[in-house]
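Each chain, written out:
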Amino acid sequence: SRPSWPPSAGAATSSSPPSAWTNWPRLARQRSGGAPVEVRVLTDAAGAELARFYFRPGASEPLLREEDSNQDAIPDRWTAYAEVRPSEVLEDRGASGHVNARRRIAADGVSVERIEIDMDGDGRPERVFHYAAGELAGGDSDTNGDGVLDRFERFEPDGSVALREDDLDGDGTVDVRS
């Protein structure tokens with residue numbers, strides 16, 4: 001049988017998840033503004049855990065879905081919800097223990113608006129990709145590794161660079177446009 005979606009209030013609920021899952025409920029608490037959260041676990045027919053959903057107590061719509069996408073028993077993907085639609089996907093790519101990829105979802109709940117990639121694990125993105133109507137429209141980069149985005153590019157529909165702006169001295173203002 002197929003798992004039910006989303007897990008109902010009668011689904012398995014836990015206040016003490018397995019140890020590999022214990023560090024991540026803080027994301028759900030952040031999404032709830034610090035209010036208590038209720039955990040509902042989605043399992044397959046054999047009882048294997050597929051995902052955890054975090055809800056405000058008594059709510060029918062989740063705040064956050066937590067998954068182990070690579071089946072290593074450690075959560076690595078979190079989907080935040082705005083009402084009934086996905087609004088953001090956070091990922092720990094490479095089992096670093098930290099969110100290093102962030103995808104903002106448009107109001108339609110499907111199209112990507114922005115992707116941020118933290119390549120060195122410092123919590124700041126080195127690459128940011130911007131989308132318009134689901135199509136790649138631009139990208140920003142930290143070209144010198146100082147933790148500050150300093151190159152800003154906008155793309156033509158065919159993917160070629162329409163505009164490149166660089167902040168050469170790190171003062172937050174564009175120095176060169178090409």
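A brief structural summary. The structure displayed is predicted, hence computed values, not measured ones.

Cut-offs and rules
Residues numbered from 1 in each chain as written. Predicted model: local features only at pLDDT ≥ 70, side-chain atom pairs only at ≥ 80, totals over all residues. Heavy atoms only, no water. Helix = DSSP H or I, 4+ residues; strand = E, 2+ residues; numbered from the N terminus. Buried < 20%, exposed > 50% of the residue type's maximum accessible area, 1.4 Å probe, protein only. Contact = heavy atoms within 4.5 Å. Areas by Shrake-Rupley, 256 points an atom, 1.4 Å probe, with all protein chains shown as cover. Phe/Tyr/Trp six-rings, centres within 6.5 Å; stacked < 30°, edge-to-face > 60°. Lys NZ or Arg CZ within 6 Å of the ring centre and 35° of its normal. Lys, Arg positive; Asp, Glu negative; His and termini not counted. Salt bridge = Lys/Arg side-chain N within 4 Å of Asp/Glu carboxyl O. Polar contact = N/O pair within 3.5 Å; in protein donor to acceptor, adjacent residues only side chain to side chain. Core = buried A, V, L, I, M, F, W, Y, C linked by side-chain atoms within 4.5 Å.

Some remarks on the overall build of the protein chain
Secondary structure assignment for the protein chain yields one helix and 13 strands. Starting at the N terminus, the α and β elements of the protein chain follow one another as β-α-β-β-β-β-β-β-β-β-β-β-β-β. Taking all 178 residues of the protein chain together, 34% fall into the buried category. When contacts within the protein chain are restricted to residue pairs at least 6 apart in sequence, those whose partners lie at least 24 apart make up 20%. About 10,000 Å² of surface is accessible on the protein chain, with carbon and sulfur atoms providing 49% of the total.

Observations concerning the packing of aromatic side chains
One pass over the full model with this rule turns up zero aromatic pairs. The cationic tip of R40 hangs over the ring face of F55; the distance from NZ or CZ to the ring centre is 3.7 Å.

Looking at the side chain of D118
Structurally, D118 is set in the loop between strand 8 (112–117) and strand 9 (127–132). Within the buried core, D118 has no salt-bridge partner, and the shortest N-O distance to an opposite charge, that of R124, equals 7.2 Å. Only 3.3 Å separates the side chain of D118 from the backbone nitrogen of D122, close enough to count as a polar contact. Looking at D118, its side chain comes within polar contact range of the main-chain nitrogen of G123, at 2.7 Å. Not counting residues up to four positions away in its chain, the partners in contact with D118 are V99, N100, G123, R124, P125 and E126.

Things to note about the environment of N70
Its location among the elements puts N70 in the loop between strand 4 (64–67) and strand 5 (77–82). Residue classification places N70 among the partly exposed residues on the basis of a relative accessible area of 42%. With 23 residues separating them in the primary sequence, N70 and R93 have C-alpha atoms 9.7 Å apart.

Some thoughts on the pattern of salt bridges
Within this structure, the stated rule accounts for 14 salt bridges. Of the charged contacts, one joins E49 and R52 as a salt bridge, the two residues approaching to 2.8 Å between their closest N and O atoms. The exposure class assigned to R52 is buried, which follows from its relative accessible area of 2%. A single network of salt bridges, built from pairs that share partners, joins R65, E67, R77, E91 and R93.

Examining the nonpolar core
The biggest cluster of nonpolar side chains holds ten residues, and these are L27, A28, V39, V41, Y54, L63, L64, W78, A80 and L90. Elements represented by at least two residues in this core include exactly helix 1 (25–31), strand 2 (38–43) and strand 5. Counting residues in hydrophobic clusters, the runner-up holds five residues, among them L42, A51, F53 and Y81.

Observations concerning unusual backbone geometry
The phi dihedral of A73 is positive, around 70 degrees, even though this residue is not glycine. Tracing the sequence through the fold places A73 in the loop between strand 4 and strand 5. Residue class for A73 comes out partly exposed when judged on its relative accessible area of 46%. One non-glycine residue, E83, adopts positive backbone phi at about 60 degrees. Checked against the element boundaries, E83 lands in the loop between strand 5 and strand 6 (85–91). Take E83: its relative accessible area is 69%, and that puts it in the exposed class.

A short note on the environment of L42
Position of L42 among the secondary structure elements: in strand 2. We classify L42 as buried; its relative accessible area is 11%. Through-space distance from the C-alpha of L42 to that of E67 is 10.0 Å; in sequence the pair is 25 residues apart.

Structural measurements only, silent on function.
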